[in-house]
Amino acid sequence: MAKIVKGYLDKISNLQTKIDKEADEILTYIDIDNVLANPQPYMTEFSRQFFESIRDELLEAIKAGEDKANKIMDNIE
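Residues numbered from 1 in each chain as written. Predicted model: local features only at pLDDT ≥ 70, side-chain atom pairs only at ≥ 80, totals over all residues. Heavy atoms only, no water.

Draft legend 1. A look at the packing of helix 3 (residues 39–53) against helix 4 (residues 55–76). Where helix 3 meets helix 4, the closest approach of the two axes is 4 Å, and the angle between their N-to-C directions is 60°. The orientation of helix 3 relative to helix 4 falls into the category oblique. Where helix 3 abuts helix 4, its residues F51, E52 and S53 lie against R55, E57 and L58. Taken together, the residues that form the contact of helix 3 with helix 4 break down as 2 nonpolar, 1 polar and 3 charged. (Axes fitted to C-alpha atoms, helices over the stretch in contact; angles between N-to-C directions. Helix = DSSP H or I, 4+ residues; strand = E, 2+ residues; numbered from the N terminus. Parallel < 35°, antiparallel > 145°, perpendicular 65-115°, else oblique. Contact = heavy atoms within 4.5 Å. Nonpolar A, V, L, I, M, F, W, Y, C, P; charged D, E, K, R; others polar.)

And the structure:
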């Protein structure tokens with residue numbers, strides 16, 4: 001069981017590192033003039049683009065969570 005949890009935590013940690021790096025990078029692209037001129041639409045679109053850029057990592061994190069849950073359930077049975 002400990003091996004399952006460690007593998008999961010390692011995978012999630014790697015994904016978190018990738019997402020944090022992407023978040024740091026994307027923040028440099030915020031156009032403050034557009035934020036001030038039209039905050040809601042600009043930030044909505046900016047957020048959509050950010051989540052699209054990390055889509056693969058998010059899907060991988062969901063899959064890792066599902067796999068972990070399945071492995072735990074298999075070990076319980």
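Draft legend 2. The nonpolar core, seen in detail. Judged by nonpolar contacts, I19, I26, V35, Y42, F46, F50 and I54 together constitute the single largest core of 7 residues. Those elements that provide at least two residues to this core are helix 1 (2–27) and helix 3. Tallying contributions element by element places helix 3 first for this core, with 3 residues. (Core = buried A, V, L, I, M, F, W, Y, C linked by side-chain atoms within 4.5 Å. Buried < 20%, exposed > 50% of the residue type's maximum accessible area, 1.4 Å probe, protein only.)

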